[in-house]
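# Chain and residue survey
Below are the chains, spelled out letter by letter.
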Amino acid sequence: MLWFHYKLNKNELRVTMNLIGRDKEIKLLTQLYNSTSPEFLALYGRRRVGKTFLIRECFNKRGDGIFFNVTGAKNAPMKEQIKHFTSQLSDAFYSGIELKERKNWDETFDQLTKTIKKQVPKNKKVVLFFDELPWMATPRSRLLEMLDYYWNQHWSQDKRIKLIICGSSASWIINKVIHNRGGLHNRVTREIHLEPFNLSQTKQFLQARKIKLNDRQILQLYMVTGGVPFYLTKIDKGLSATQIIESLAFSKTGFFLDQRDNRNLLTRYVANKSVLNAFCYSGGFSIYALNAGAKLVHSVDISEKAIDLTNENVALNTAGAGDHEAYAMDVSKFSQESPTEYEVM
């Protein structure tokens, strides 16, 4: 990931490099860290936009605080999640000394709470970064209930604590935490919806990596990558836009090859059918469905930028085939409210 020098005043985070297009997020994180109150930040966005990288760069090497970072493991049971949590607790607060694993999240969060009280000086701030929280919250683990309890009973009483939860499942973070109807209702103090680069930021990013392309070629790449930083880092110097797209999408090792196969498979089933493309992002599946004869395609994504990109791509690549509508909405809410019965989803 490419980063640039970031100019700081005395109150700003000591970030030596700044991800292009993330000035707004850096400013918010600076305010969060300098706050004299406990803070609860919900960070969400699609995969590979740099959520984890952003938080780690801001807080991992600060000398005036403790940074505790644990990441949920996909499809792992609660016991394994707690094992990882305890290991990170040891590294952050006890210099790697082995700690006894607790049986459940109640005991585990109690261990964390007591550790902060005993191990952290009064003048040091504590950043608790729970990455991929949806993966940590396994069925019947009661993690959310315990997060509710320990935030309300303990952590929200300690002005040193800055809790950051993160997840690639935007709907989960929004529905389970931000719009929580239980004890976490209205507890989130700040939100960041981290989105991919826009076209201008994509151009800046490529120029910073000394990749020389004209505006038309940059637009082509933007439409293929959707401005996702991870994909842009896979672009090599000295190639034309056509060669880059060939490498990313059609070579045997291309990052988009798996989606090409899935999109081709979709075309077998959509002729004269109504199709819902949920989490549509750049609209690739919508385009394939329309060109394969779908009578109706609805594209849904929570991001307005994604919907704008989908509409642009559909207009450029379908020649008016089929009936298409795009909606900037939470997919769960759309599914409940849409009167359409979809034949392919």
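Note that residues are indexed from 1 along each chain, following the sequence as it is written. Per-residue local features are limited, in this predicted model, to residues with pLDDT of at least 70; the limit for side-chain atom pairs, both in listing and counting, is 80 or more; totals at the level of whole chains, interfaces and linings are taken over all residues. Working from all heavy atoms in the structure, the side-chain values ignore hydrogens and water.

## A short note on the packing of helix 3 (residues 78–93) against helix 4 (residues 105–119)
Across the interface, helix 3 lies against helix 4 with an axial gap of 11 Å and an inter-helix angle of 5°. Taken together, the axes of helix 3 and helix 4 are roughly parallel relative to one another. Listed contacts from helix 4 to Met-78, Gln-81, Ile-82, Phe-85, Thr-86, Leu-89 and Phe-93 of helix 3 are Trp-105, Thr-108, Phe-109, Gln-111, Leu-112, Thr-115, Ile-116 and Gln-119. Along the lines of polarity and charge, the residues of the contact of helix 3 with helix 4 split into nine nonpolar, six polar and no charged. A fitted line through C-alpha atoms serves as each axis, taken over the contacting stretch for helices, and the angle formed by two N-to-C directions is quoted from 0 to 180°. Per the convention used, a helix needs a DSSP run of H or I reaching at least four residues, while a strand needs a run of E reaching at least two, with both numbered from the N terminus. In this scheme, roughly parallel covers angles under 35 degrees and roughly antiparallel covers those over 145, while 65 to 115 is roughly perpendicular and the rest are oblique. By definition in these notes, contact holds between two residues if any of their heavy atoms fall within 4.5 Å. Throughout this entry, Asp, Glu, Lys and Arg are counted as charged residues, while Ala, Val, Leu, Ile, Met, Phe, Trp, Tyr, Cys and Pro are counted as nonpolar. The remaining residues, Gly among them, count as polar.

## Regarding the environment of Glu-80
Residue placement: Glu-80 occurs in helix 3. Residues Glu-80 and Met-136, spaced 56 residues apart in sequence, show a C-alpha to C-alpha distance of 9.5 Å.

## Quick word on the nonpolar core
Buried Ala, Val, Leu, Ile, Met, Phe, Trp, Tyr and Cys residues form a nonpolar core when they are joined through side-chain atoms within 4.5 Å. Each residue's exposure class comes from its accessible area (1.4 Å probe, protein chains only) as a fraction of the maximum for that residue type: buried when under 20%, exposed when over 50%, partly exposed otherwise. If you look at the biggest cluster of nonpolar residues, it comprises 38 residues, and the most contacted ones within it are Phe-109, Leu-128, Phe-130, Leu-147 and Trp-155. Judged by nonpolar contacts, the second largest core, of 18 residues, contains Leu-29, Leu-41, Val-49 and Val-127.

## Digging into the environment of Arg-102
On the secondary structure map, Arg-102 appears in the loop between helix 3 and helix 4. Between the C-alpha atoms of Arg-102 and Lys-79, which are 23 residues apart in sequence, the distance is 8.8 Å. Excluding its chain neighbours within four sequence positions, the residues that come into contact with Arg-102 are Ile-82, Glu-107, Thr-108 and Gln-111. For Arg-102, the side chain forms a polar contact with the main-chain oxygen of Lys-100, separated by 2.9 Å. Whenever two N or O atoms come within 3.5 Å, that pair is a polar contact, provided that in protein one can donate a hydrogen and the other can accept it, and provided that, for residues adjacent in sequence, both atoms are side-chain atoms.

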